[in-house]
Amino acid sequence: MLNKSIVAALLSTVFISTSIYADVTKTSVDLGYKFYTNSTEDDNPGVFNQPFVKLNHLGIADWGTYFANVKLENPAELAENQKNQDGKTTLKSLMILENKIGESNFNFWTQNFVSASETLVEDNLYFGFTHNAKIKALSLNYGVGFNYTFGNFSPTSEKFNDLSGYAVVLNAKYPFELLGLKHSFSLNYEAQIDRDKAHQELFSYDSYGHQIITTLQTLLTDSIYTKLHLTHYDSWGAQYNDGIEYGVSIGYQF
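Owing to the predicted nature of the structure, the values given are computational and were not obtained by experimental measurement.

Secondary structure assignment for the protein chain yields three helices and twelve strands. A principal-axis box enclosing the C-alpha atoms of the protein chain has dimensions of 50 × 40 × 35 Å. Per-residue burial for the protein chain yields a buried fraction of 41% across its 254 residues. In the protein chain, once contacts between residues fewer than 6 apart in sequence are set aside, the share between residues at least 24 apart is 53%. Surface accessibility of the protein chain: about 13600 Å² in total, with carbon and sulfur atoms responsible for 60%. Each charge sign in the protein chain was given a centre, from 17 positive and 27 negative side chains, and these centres are 6 Å apart.

Take a look at the structure:
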């Protein structure tokens, strides 16, 4: 089982955000399944097709925005891994805070991502600056900052805890209507650059790594939506070699 203190820390990372005052809040839950291409599985023995559940929370205020989620992958070890054994359960937590700098479109940016399973814990903390822009209906958010990482891999008892290069993010969102339904297409690019060599050795990473997530969301009602996602990984998470993930989910916003 996951360490109880890790679970508590991950949950508090998300729900502490509810204590921050916001003018607008949105909370939703997604139920889905993700898959990997055959070549991705061949190159990355740790990945396997699996279900997931994700809780999301967004807050918008006059001082800025915050976003947080908790994602439970392969709950109750429902799916089997590539060795036809019970696949591990992984709990992931993301928190993003962006504080406006005066009346400008720049923000102080803090982002923390934690991934924890029975064998591996990885925490990436970014701190830097982001900028918001809009081109007609297209919304853009991009930024750069320092990356602080700590983690451990229990089979080898190896650990890392230090600054580890830089982080770059780009988020784009484009809403549109088609066939009488409201859709939105989003792209998220996140990269780590010039990682510390000890960081690389612990997780079998290269100096550079990224994830590129493309998502198509379709509103079926005011509260119910579907999502299709396609993700490319390069030296990232369980995909220490490059790979493709795709999946589908249904969500409810309340």
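Back to the text.
Time to look at unusual backbone geometry. Phi is positive for Asn 74, which is not a glycine, with a value near 55°. Tracing the sequence through the fold places Asn 74 in the loop between β3 (64-73) and β4 (90-100).

This part takes up the sheet that holds β3. Spatially, the twelve strands close up into a barrel ordered β1-β2-β3-β4-β5-β6-β7-β8-β9-β10-β11-β12, and their pairing is antiparallel. Looking at each pair of strands side by side, their axes are set apart by 20° on average, direction ignored.

Turning our attention to the pattern of salt bridges. Here the structure, examined in full by the defined rule, presents five salt bridges. A salt bridge links Glu 73 to Lys 71; the shortest N-O distance between them is 3.3 Å. The exposure class assigned to Glu 73 is buried, which follows from its relative accessible area of 4%. Through salt bridges with shared partners, a single network forms among Lys 34, Lys 71, Glu 73, Lys 92 and Glu 245.

Here we take up the pairing of strand β7 (residues 138-153). Bridge count for strand β6 (residues 120-135) against β7 is 16 bridges, and the pairing is antiparallel. Note that in β7 the partner of Thr 130 across the bridge is Gly 143. In sequence, β6 turns back onto β7 through a hairpin of two residues, with Lys 136 there showing a positive phi of about 55°. With 14 bridges connecting them, β7 and strand β8 (residues 158-178) associate as antiparallel partners. Considered in β8, the bridge of Leu 140 is made with Ala 172. As consecutive antiparallel partners, β7 and β8 are separated by four residues, and within that stretch Ser 157 has a phi angle of approximately 60°, a positive value.

Criteria and thresholds
- Every chain begins its residue count from 1, and numbering advances along the sequence as written.
- For a predicted model such as this one, the threshold for reporting local features is a pLDDT of at least 70, and the threshold for listing and counting side-chain atom pairs is 80 or more; totals across whole chains, interfaces and linings nevertheless cover every residue.
- Computation of side-chain values covers all heavy atoms of the structure but excludes hydrogens and water.
- The helix count covers DSSP runs of H or I at least four residues long, the strand count covers runs of E at least two residues long, and both are numbered beginning at the N terminus.
- Relative accessibility decides the category of a residue: with a 1.4 Å probe and only protein chains considered, values under 20% of the type maximum give buried, values over 50% give exposed, and everything between is partly exposed.
- Contacts are assigned to residue pairs that have any heavy atoms within 4.5 Å of one another.
- Each accessible area is a Shrake-Rupley estimate made with a 1.4 Å probe; only the visible protein chains count as cover when residues are assessed.
- Residues scored as positive are Lys and Arg, those scored as negative are Asp and Glu, and His as well as the terminal groups of each chain are ignored.
- To locate a charge, take atom NZ for lysine, CZ for arginine, CG for aspartate or CD for glutamate.
- One bridge is not enough; two strands pair if DSSP finds at least two bridges between them.
- Only C-alpha atoms enter the line fits that serve as axes; for helices the fit covers just the stretch in contact. Angles between N-to-C directions range over 0 to 180 degrees.
- By definition here, a salt bridge exists when the distance from a side-chain nitrogen of Lys or Arg to a carboxyl oxygen of Asp or Glu is within 4 Å.

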